[in-house]
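# Structure at a glance
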Amino acid sequence: MGFLDINHVTKSYGSVQVLHEVDISVNEGEFLVLVGPSGCGKSTLLNMIAGLEGITSGDIAINGRVVNGMHPARRNIAMVFQSYALYPNMTVGQNITFGLEMHGTPRPERDAALARIAKMLQIDHLLDRKPSQLSGGQRQRVAMGRALVRDPAVFLFDEPLSNLDAKLRVDMRTEIKKLHQRLGRTIVYVTHDQIEAMTLSTRIAVMNKGYVQQFGTPKEIYDTPTNLFVASFMGSPSMNLLPVRVAMLNGSPHAELTDGEGVKMHLRLGQANLAGQEGREVILGIRPEAITDPEGADRKSGNIQHLRTRVGVTEPAGADTFVTTTLSGKDVVARMRADAAVAPGAPFDFAVNMDKAVVFDPRTEERIPA
Amino acid sequence: MATSTEADFRTRLQDWLPKLVLSPSLAAILVFVYGFIAYSIYLSFTGSKMLPSTDLVGWDNYRTLWGLSAWQTALINLAIFASLYIVICTAIGLLLAIFLDQRIRGEGVLRPIYLYPMALSFIVTGTAWKWFLDPGLGLENTMRLWGWESFTFGWIKDRDLAIYTVVIAAVWQTSGFVMAMFLAGLRGIDNELLKAAQIDGASNWNLYRRIVIPLLRPAFLSAFVILSHLAIKSYDLVIALTGGGPGRATELPATFMYSYTFTRNQMGVGAASAVIMLMTIAAIMVPYLYAELKERPQ
Amino acid sequence: MSTLTQEAQLARAKGPIPTPAPTQDTAVRTGRVARTFIYLVLLLFALFYLLPFGIMVINSLKPLSEITGGNMLALPQDWTIAPWLSAWSTAQIGVEPTGLRPYFLNSILMVVPAVAISTMLGALNGYVLTKWRFRGDTILFGLMLFACFIPFQIVLIPMARMLGLLGLAGTTAGLILVHVVYGLGFTTLYFRNYYAAFPTELVRAAMIDGAGFFRIFWRIILPVSGPIAVVSVIWQFTNIWNDFLFGASFAAGSSAPMTVALNNLVNSSTGVKEYNVHFAGAILAALPTLIVYVVAGRYFVRGLMAGSVKG
């Protein structure tokens, strides 16, 4: 029984079902991120937690209390919206204390809470301004202040950084993380940006087409994605996915693939339960950082394989160099150290860390366990 | 390469052409609007009776004007009519807009019903209401036939109450328009704002009072400007509904001007009254237009 | 000239064409009691708006005896279209028993050219004011805009004189002139606001391609002006058809428009008041604009909104 329990929750609009059987349990103080592409249902789920949308079946409980059908104002939640939704005709101070005012908090208490929050978010010099006079980052902070001042059980964030430019987004991301560490509140955060998901969360729910594809810690999601969707959605540049055949060599299963020139190559797989499945077609997933130059390979790995093939393009990005080659008919991206001796068109010795490799069944799209 | 004189001509033509194209309209406006306004102002300072004359009489016409009880009646009527008209139209328009915005089934049918009176001529409206309000034939008669013997609704024949019938008919005609303006304004409000207020615990009443209605301020302003200018110009409706009567009970500046200029052959005084009407409208419109045009991206 | 560039420009132009914002369902929640109350109020108001016109319709189909004796809300016992026929062709208007037909024709003869000319000029003006900017153009626009709002009483006397001087007094042509001039402000407003959303690069690119002022207008701007042209036409049609003041002041005789004739019919003090004929006449007068409203109401609303200047 967690602090926030989502049990068997579904959502339908008439005959169209947009959310299927969501089961998520969040502990107090956790930072849950709902991530997925547009239309996956993450915002719908958030609105259902907030009480802005009804629940078709299942229930949601906050701190032990089932909140189905309860008005948003009574659920003890606060929300930060994508557009901040600051009341344009009120000052910053009035915006922040509006919720307290609606709940009947007397004036002196409201002012005290406002002073406290304003100081914490460093917006005390903005209290008399109207939202239209603030910059994007300032508005963000006011929106967070409005949520914080209510001291709710759960904070909800609906893509709060989408409207900011890239640099500001990174800065605000760090601020949100610091705030979470400092205050230790329970947060549910919706975003389509997988970097935000990875960096901010304690646990992630990856969603697609109304289903929760995987629910776990960032590390679990990243290292052991349950299916092809999660594997390709999380991580940038995305995981390389190669169609290969299982071949038994020297008694162990290998992945058989062909390079850009038709030369057949083999990589030893760590997945023991693929033994004896000679000829099976599977999909091999390797992240770019698992394919490096020999000197840059992970020394702690027990399964570094070498692959010699021709380099396609190189993209020096300053800190690393991204190298593209062709395997199994697909473009494969490798990430190596900036000073690796790579030249386009020339053959190169790639070091592949097969410890990090994952294998998927092409039909079910699910990961084949090791 | 074209000779330098040819290129010059072409560019010069392109410079000229837009202004050339604009000029007929501009000339028309300058003459028929501003020129005529100037002429009417001039006339108001002359002793014109049936035909325009050129003998200047200074402020005489204006002095006469303010002394005429008909003019004073017209002004009082205008004040009553305009204030009631504006307030009631705004209230009804706002109410209907807010109600219609509540995800009403059949909105597509209701909205055109509220708006169709705008498509009618004021003469048609006046004719319809004149009859509806006639004691012998309209509502009063119907109520009596249905058994309510003592029901009276003879406002239109009553000297003191007739002006209110003009209000009713005018509100009937234009409140739909005000509703459409407020509805557009309501639909432009970001839904996230409303959700945030709900989470903040605002009841529907507070939500509308503290957040939605303040956000409708531009719509209120537009409505006020348009309604006040319509009120001042009201002529067709009064003519059709009451003809200015009974007696002078529903005289408005517009009807006053017409009758004094064309029927009573007091052109100078009539012109003076028209000038007063213009000044009043200008006092409202000019600041409004100025503010609107200043905002526009240049 | 490069048609490819034009196509590309048109495609780009379709981008910023101001389309009405998608209406979102409000997030406000209302309980069942509140909703019942809301529906009740809305229906009552619908009744309020429909009743006067409905009564006119019902009573235009009754013989006179039923009207003077009876209840205005009662349906006709003896349905008859005689009042309509009378209103159209035999009713007494002023001194002639011609019915409204000739005046209906007058209105049409007046409205069609007036609408066409003022719309065309409005389009050109809007085009100039947004794509060929020059110093002081906003002031000029302001002058034109203010002209929409003047009380027309103030131009009656000079206009009457002017029409007399031009030999157009009491003619349909004179009315056309009047309506064109005083409609220019509105049509220019519509087109100007509409064209303002098109990027100026459109014109500059076309100029580089070698197109001149008029060619740009005909080939690039005009083809995409459909929606606003409809708005302008509808608005002008409604206003000019419904006008009474100018009609009464400048064309009171045989070239009077429909509205003046209707007023004569209804307010004639001689003889028995044939109310049923009056109503039939009023509905005849209202039919054209009502039909336009029913058919193209969406554009009517857009015209109302644009005309309130809030662009």
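Residues numbered from 1 in each chain as written. Chains lettered and ligands numbered in written order. Predicted model: local features only at pLDDT ≥ 70, side-chain atom pairs only at ≥ 80, totals over all residues. Heavy atoms only, no water.

Another point: helix α7 (residues 153-166) of chain C. All names here are of chain C. Over its 14 residues, α7 extends 20 Å from the first C-alpha to the last, a length consistent with the 20 Å expected when each residue adds 1.5 Å. Every buried residue belonging to α7 is among Gln-153, Ile-154, Val-155, Leu-156, Ile-157, Pro-158, Met-159 and Leu-163, and all of these are buried. Looking one or two residues beyond α7, the residue adopting positive phi is Gly-167, at roughly 75 degrees. (Helix = DSSP H or I, 4+ residues; strand = E, 2+ residues; numbered from the N terminus. Expected span 1.5 Å × (residues − 1). Buried < 20%, exposed > 50% of the residue type's maximum accessible area, 1.4 Å probe, protein only.)

A few words now on the interface of chain C and chain B. Across the contact, 101 residues belong to chain C and 106 residues belong to chain B. Here chain C meets chain B over a buried area of about 9,600 Å², counting both sides, of which 73% is carbon and sulfur. Summed over the three residues of chain C that lose the most area to chain B, namely Tyr49(C), Ile154(C) and Ile157(C), the buried surface amounts to 8% of that side. Taken together, chain C and chain B are joined by 0 salt bridges. (Contact = heavy atoms within 4.5 Å. Buried area = accessible area lost by both parts, 1.4 Å probe. Salt bridge = Lys/Arg side-chain N within 4 Å of Asp/Glu carboxyl O.)

Residues and elements named next belong to chain A. The 6 strands lie next to each other as β6-β7-β8-β3-β9-β10, forming an open sheet whose pairing is mixed. The outermost strands of the open sheet, each flanked by one partner alone, are β6 (77-80) and β10 (211-216). Neighbour-to-neighbour, the strand axes of this sheet turn through a mean angle of 15 degrees, independent of strand direction. Two strands pair when backbone bridges link them, and strand β3 (residues 31-35) and strand β8 (residues 186-191) are joined in this way by 5 bridges, in the parallel orientation. When the sheet's bridge partners are listed, Leu-34 is paired in β8 with Val-190. Contacts from helix α4 (residues 136-148) reach β6 and β7 (154-158), with the element oriented near 175 degrees to β6. (Pairing = 2+ DSSP bridges. Axes fitted to C-alpha atoms, helices over the stretch in contact; angles between N-to-C directions.)

Residue-level pLDDT values for chain A average 90, and 99% of them are 70 or greater. Per-element confidence in chain A is highest for β3(A), whose mean pLDDT is 96, and lowest for strand β13 (residues 264-268) of chain A, whose mean pLDDT is 86. (pLDDT = per-residue confidence, 0-100.)

Residue and element names in this part refer to chain B. Taken residue by residue, chain B gives an average pLDDT of 86. The fraction at 70 or more is 96%. At the level of individual helices and strands, chain B shows its lowest average pLDDT in helix α6 (residues 139-145), which scores 77, and its highest in helix α3 (residues 69-100), which scores 93. Scoring of the predicted complex yields 0.80 for pTM and 0.83 for ipTM.

Remark: helix α5 (residues 122-132) of chain B packs on helix α13 (residues 258-267) of chain C, axes separated minimally by 10 Å, with the N-to-C direction vectors making an angle of 20 degrees. Accordingly, the angle class assigned to the pair α5(B) and α13(C) is roughly parallel. In this structure, α5(B) meets α13(C) at a crossing whose hand is left-handed. Contacts from Ile123(B), Val124(B), Thr127(B) and Lys130(B) of α5(B) reach α13(C) at Thr259(C), Leu262(C), Asn263(C), Val266(C) and Asn267(C). (Parallel < 35°, antiparallel > 145°, perpendicular 65-115°, else oblique. Left-handed = near helix turned anticlockwise from the far one by under 90°.)

Below, the discussion takes up the pattern of salt bridges. Scanning the entire structure with this criterion turns up 25 salt bridges over all chains. With a shortest N-O distance of 3.2 Å, Glu107(B) and Arg111(B) are connected by a salt bridge. Taken as a pair, Glu107(B) and Arg111(B) lie in helix α4 (residues 107-115) at a separation of 4 residues, close to a single helical turn. A relative accessible area of 14% places Glu107(B) in the buried class. Overall, the relative accessible area of 30% leaves Arg111(B) in the partly exposed class. Connected via shared salt-bridge partners are Asp293(A), Glu295(A), Arg337(A) and Asp339(A).

Together, Phe9(B), Leu13(B), Trp16(B) and Leu20(B) make up an exposed nonpolar region whose accessible area comes to about 450 Å². If you trace the backbone, Leu13(B) turns up in helix α1 (residues 4-44). (Patch = residues over 30% accessible without salt bridge, like charges linked within 9 Å, V, L, I, M, F, W, Y side chains within 5 Å. Areas by Shrake-Rupley, 256 points an atom, 1.4 Å probe, with all protein chains shown as cover.)

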